[in-house]
Amino acid sequence: MLGQRFREILYFWWHNLGPLFLVTAPFALMGEAVQWLFGVTLALPETADGALQVSGISLALVLLMRPLAEGTVISQIAAARTGKPAGLVACMAPPLLMFPALLATYAIMAIGVALGWMAFFFPALWVYTRLSFAPYLVVLHRHNPIQAIRQSFIMTERQQWPLLLMVVVVFLAYLLASSSLAQLISALVSHSAAANLLIALPVSLLATGMNVAVFRYWELSGTPEA
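Since the structure is predicted, the reported quantities are computational estimates derived from the model, not experimental observations. (Residues numbered from 1 in each chain as written. Predicted model: local features only at pLDDT ≥ 70, side-chain atom pairs only at ≥ 80, totals over all residues. Heavy atoms only, no water.)

Undergrad: Can you walk me through the overall build of the protein chain in this structure?
TA: Within the protein chain one finds 10 helices and 2 strands. The helix and strand sequence of the protein chain, counted from the amino end, reads α-α-β-β-α-α-α-α-α-α-α-α. A globule of 226 residues ought to have a C-alpha radius of gyration of about 17 Å, and the protein chain, at 18 Å, matches this closely. Based on the C-alpha atoms only, the size of the protein chain along its principal axes is roughly 50 × 40 × 35 Å. (Helix = DSSP H or I, 4+ residues; strand = E, 2+ residues; numbered from the N terminus. Rg over C-alpha atoms; globule rule 2.2 N^0.38 Å.)

Shown next as structure tokens:
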């Protein structure tokens, strides 16, 4: 069953690369532009006694863009599922309309996952799995954050373990593909800014595999309650 679900997810993702790239590329470009203008979001120390460098402005802007980027991907996946992929503006409209609620939803999810990390890896993964439908409820059904979180827990209860396992599989596939791609591009392109841009575009597209995976289980869970 897991293999069948993974093939379904991969098939949908592969056959909608164009529409997905249409909505991921602009945000990848904006993310790189923010870091060019205000500095790298997080820079690891070059030496053992060095300090972690953080650009507060870049970090804040990237965190603000993230819910909108994710919401736009959700809109495109829902449109592509009907056989009619939408344009960038049409996909951005629902998350823009619900942006405060979407931002609050992702903030609640981040807090829940962070608390899960405090109890080690597995609880964080379980929390993410149980809350993963919340952004879909906000974007596609205009739930408020609390309604979305509660409804996500209800909708994921019956399939929490298959979904959790799929999240792990898709995440590991993403890590393998993105790291291999980043190493290849870094070896071929010596200019760091150009390399970062060339890495950001395909990696942002690869990341949509997780959105597709969650959406597939969202479909299987049935129609959410009002």
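Undergrad: Could you clarify how one ought to interpret the packing of helix 3 (residues 56-81) against helix 10 (residues 192-220) in this entry?
TA: Helix packing geometry: the angle between the two helix axes and the distance between the axes. Relative orientation of the contacting elements helix 3 and helix 10 amounts to 55°, with a least axis distance of 10 Å. It follows that helix 3 is oblique to helix 10 by the angle criterion. Between helix 3 and helix 10 lies a crossing of right-handed hand. Contact residues: helix 3 offers Glu 70, Val 73, Ile 77, Ala 78 and Arg 81, while helix 10 offers Thr 208, Asn 211, Val 212, Phe 215, Arg 216 and Glu 219. (Axes fitted to C-alpha atoms, helices over the stretch in contact; angles between N-to-C directions. Parallel < 35°, antiparallel > 145°, perpendicular 65-115°, else oblique. Left-handed = near helix turned anticlockwise from the far one by under 90°. Contact = heavy atoms within 4.5 Å.)

Undergrad: When you look at the environment of Ala 60 in this model, what are you seeing that I'm missing?
TA: Assignment of secondary structure puts Ala 60 in helix 3. Here Ala 60 falls in the partly exposed class, since its relative accessible area comes to 37%. In sequence terms Ala 60 and Gly 116 are 56 residues apart; their C-alpha atoms lie 23 Å from each other. (Buried < 20%, exposed > 50% of the residue type's maximum accessible area, 1.4 Å probe, protein only.)

Undergrad: How should I be thinking about helix 8 (residues 145-156) in this particular structure?
TA: Relative to the 16 Å expected for 12 residues at 1.5 Å per residue, helix 8 spans 16 Å between its end C-alpha atoms, a close match to the ideal helical length. Of all the residues in helix 8, the buried ones are Pro 145, Ala 148, Ile 149, Gln 151, Ser 152, Met 155 and Thr 156. Capping of helix 8 at its N-terminal end is provided by Asn 144; its side-chain oxygen lies 3.1 Å from the backbone amide nitrogen of Ile 146. (Expected span 1.5 Å × (residues − 1). Polar contact = N/O pair within 3.5 Å; in protein donor to acceptor, adjacent residues only side chain to side chain.)

Undergrad: Where do I start with helix 2 (residues 17-38) in this structure?
TA: Each α-helix turn comprises 3.6 residues. Residues three or four places apart therefore point the same way. Taking 1.5 Å per residue, 22 residues should reach 32 Å; helix 2 reaches 31 Å between its end C-alpha atoms and fits that length. Along helix 2, the sharpest change in direction is near 30° and occurs at Thr 24; proline Pro 26 comes one to four residues later. Looking at the buried side of helix 2, the elements it contacts are helix 1 (2-15), helix 3, helix 4 (88-97) and helix 10. Trailing helix 2 by a residue or two, Gly 39 shows a phi angle of about 100°, which is positive. (Bend = angle between axes of the 7 residues up to and from the residue.)

Undergrad: How should the packing of helix 2 against helix 3 be read in this particular structure?
TA: Between helix 2 and helix 3, the least distance of the axes is 10 Å, while the angle of their chain directions is 175°. Considered as vectors, helix 2 and helix 3 are oriented roughly antiparallel to each other. On the side of helix 2, the interface is formed by Pro 19, Leu 20, Leu 22, Val 23, Thr 24, Phe 27, Met 30, Gly 31, Val 34, Gln 35 and Phe 38, while helix 3 contributes Ile 57, Ser 58, Leu 61, Val 62, Met 65, Leu 68, Ala 69, Thr 72, Val 73, Gln 76 and Ile 77. In terms of residue class, the contact of helix 2 with helix 3 is made up of 16 nonpolar, 6 polar and no charged. (Nonpolar A, V, L, I, M, F, W, Y, C, P; charged D, E, K, R; others polar.)

Undergrad: Whenever I open this one, a nonpolar patch on the surface confuses me. Can you help?
TA: On the surface, Leu 37, Phe 38, Ile 57, Leu 61 and Leu 64 cluster together into a nonpolar patch covering about 470 Å² of accessible area. Contributing elements (two or more residues each) for the nonpolar patch: helix 2 and helix 3. Broken down by element, the residue count for the nonpolar patch peaks at 3 residues, all from helix 3. (Patch = residues over 30% accessible without salt bridge, like charges linked within 9 Å, V, L, I, M, F, W, Y side chains within 5 Å. Areas by Shrake-Rupley, 256 points an atom, 1.4 Å probe, with all protein chains shown as cover. Salt bridge = Lys/Arg side-chain N within 4 Å of Asp/Glu carboxyl O.)

Undergrad: Explain the packing of aromatic side chains here, please?
TA: Here the distance between the centres and the angle between the planes together describe a pair of aromatic rings. For the structure shown, the criterion picks out 6 aromatic pairs. The rings of Phe 133, Tyr 136, Phe 215 and Trp 218 are connected pair by pair, giving a single aromatic cluster. (Phe/Tyr/Trp six-rings, centres within 6.5 Å; stacked < 30°, edge-to-face > 60°.)

Undergrad: How should the side chain of Gln 76 be read in this particular structure?
TA: As for its placement among the helices and strands, Gln 76 is situated in helix 3. For Gln 76, a relative accessible area of 0% puts it in the buried group. With residues near it in sequence (within four places) discarded, Gln 76 still touches Pro 19, Leu 20, Leu 22, Val 23, Pro 85, Ala 86 and Cys 91.

Undergrad: Hey, could you run me through the pattern of salt bridges in this one?
TA: Two side chains that carry opposite charge are able to pair once their charged atoms sit near each other. One pass over the full model with this rule turns up 5 salt bridges. A salt bridge links Arg 81 to Glu 219; its shortest N-O distance comes to 2.6 Å. With Arg 81 in helix 3 and Glu 219 in helix 10, the pair connects residues that are 138 residues apart, well separated along the chain. Three or more residues are tied together by salt bridges with common partners; here these are Arg 5, Glu 8, Arg 81, Arg 216 and Glu 219.

Undergrad: Just to check I follow, could you spell out the environment of Leu 175 for this structure?
TA: With respect to the helices and strands, Leu 175 occurs in helix 9 (residues 160-188). Note: C-alpha distance between Leu 175 and Phe 99 (76 residues apart in sequence) is 28 Å.

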